[in-house]
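# A structural walkthrough
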Amino acid sequence: MTAVPNPSDPPASSARPALSVLDPTIVPHGMTAAQSVAASVALARHAERLGYGRLWVTEHHNHPDLTAGTPALLIGHLASATERIRIGSGGVMLPNHPPLTVAEQFALLHAVHPGRIDLGVGRGPGTDPAAARALQRGDASAFAAQVGELQCFLGTRAWPDSHPYRDVRVAPDGVPAPPLWILGSSGYGASLAAAAGLPFAFAHHFGGGNAAEAFRLYRENFRPSAERDRPYTLITVTVVAADTDAEARRQAASQELVQLMISRSLPDALLPADQAVRRLAGMATPFGASAVVGGPRRVGEELRALLAETGADELMVNTCVHDQAARLRSYELVAAALHG
């Protein structure tokens with residue numbers, strides 16, 4: 001594979017920040033996995049029409065209400081159903097996979113959909129300890145070495161002369177490497193991305209905190225590479241927008257309940273909004289610490305404040321509500337609030 005100097009960064013300015021979509025492909029209560037995937041296709045097409053620059057899917061295992069255990073397969077399906085929007089992984093949990101396998105999967109995706117594929121990698125398990133063992137998960141402490149190996153397979157870094165894999169060819173050969181991203185929620189990922197000369201995506205939607213410091217660390221230590229000549233930052237944020245603040249809070253209850261149950265190690269379904277409101281019954285949850293919920297004015301103000309605080313080059317929006325129409329409307333309102 002051959003290197004591309006820089007990813008195709010969406011145009012951005014303080015007036016029109018770059019926008020993208022995070023789709024964890026949750027299966028809402030009462031919906032089948034096939035219906036959930038169809039909803040993801042509809043979201044990708046909707047985001048493309050609205051001018052979002054990219055859409056990423058996640059990798060999770062052993063959760064009854066998530067469909068994306070194999071992001072490369074879903075990426076291919078979504079890319080085939082769209083025309084312009086970049087589709088990628090947010091991300092492939094690299095210790096779950098041999099780097100050669102990941103390189104070959106994404107080489108094929110990039111061959112079929114040239115210039116439209118992103119490869120984001122993380123070191124988390126994306127699952128519980130039992131499923132991690134079933135995946136024959138590698139040692140997360142070797143993540144930096146795995147990233148280096150993946151870069152070599154992608155052709156953006158030279159193999160050491162004595163490396164046993166230096167003559168292994170990636171199939172298909174001769175395909176430009178898709179942009180490689182480091183995903184993280186701490187200074188570790190920021191430091192690794194800076195040292196490797198890669199773009200860095202911060203998972204603010206996990207619960208917020210320290211994004212500005214992680215980005216500062218990344219920018220100050222960034223070393224240009226064959227993949228990038230300058231730093232580039234993306235921040236993911238949970239957003240639920242609706243026509244009124246009250247309706248946004250009602251719709252957000254579905255995801256708020258899911259996150260509360262995950263924090264208690266009791267994963268639960270994405271319920272209809274009214275059912276979720278009743279289940280929560282006014283309980284205090286960690287949801288509000290990082291989520292942006294409200295009508296167009298509130299959402300626009302809070303997202304612009306987050307971008308100003310962190311200096312992020314790109315905002316990736318994560319909206320998980322039970323009602324598909326409300327979900328699509330939320331992305332429409334965010335685009336209108338930030339792009340006018």
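Described in the following lines is the structure provided in the data block. (Residues numbered from 1 in each chain as written. Predicted model: local features only at pLDDT ≥ 70, side-chain atom pairs only at ≥ 80, totals over all residues. Heavy atoms only, no water.)

Here we take up the nonpolar core. Ranked by size, the top nonpolar core spans 70 residues in total, and within it Val-121 and Leu-315 carry the most contacts. If we skip the residues at most four places from it in the chain, Leu-315 touches Ala-18, Leu-19, Ser-20, Ile-235, Val-237, Leu-303, Leu-306, Leu-307 and Leu-338. (Core = buried A, V, L, I, M, F, W, Y, C linked by side-chain atoms within 4.5 Å. Buried < 20%, exposed > 50% of the residue type's maximum accessible area, 1.4 Å probe, protein only. Contact = heavy atoms within 4.5 Å.)

Packing of helix H6 (residues 187–196) against helix H7 (residues 211–221) leaves a shortest axis separation of 8 Å and a crossing angle of 20 degrees. Regarding the angle of H6 to H7, the classification is roughly parallel. The handedness of the crossing between H6 and H7 comes out as right-handed. Contact with H6, carried on its side by Gly-187, Ala-190, Ser-191, Ala-193 and Ala-194, involves Ala-214, Leu-217, Tyr-218 and Asn-221 of H7 and no other residues of that element. (Axes fitted to C-alpha atoms, helices over the stretch in contact; angles between N-to-C directions. Helix = DSSP H or I, 4+ residues; strand = E, 2+ residues; numbered from the N terminus. Parallel < 35°, antiparallel > 145°, perpendicular 65-115°, else oblique. Left-handed = near helix turned anticlockwise from the far one by under 90°.)

Turning to the pairing of strand E2 (residues 54–57), a few remarks are in order. Burial along E2 is two-sided: the face carrying Arg-54 and Trp-56 and the face carrying Leu-55 and Val-57 are both buried. The pairing of strand E1 (residues 18–23) with E2 spans 3 bridges and is parallel. Across the sheet, Asp-23 pairs through a bridge with Val-57, a residue of E2. In this structure, E2 lies alongside strand E3 (residues 86–93), joined through 4 bridges in parallel fashion. Its bridge partner being in E3, Arg-54 is matched across the sheet by Arg-86. Between the parallel elements E2 and E3, the chain passes through helix H2 (residues 71–80) in a crossover that is right-handed. (Pairing = 2+ DSSP bridges. Right-handed = clockwise from strand over helix to strand, strands pointing away.)

Just geometry here; none of it tells us what the structure is for.
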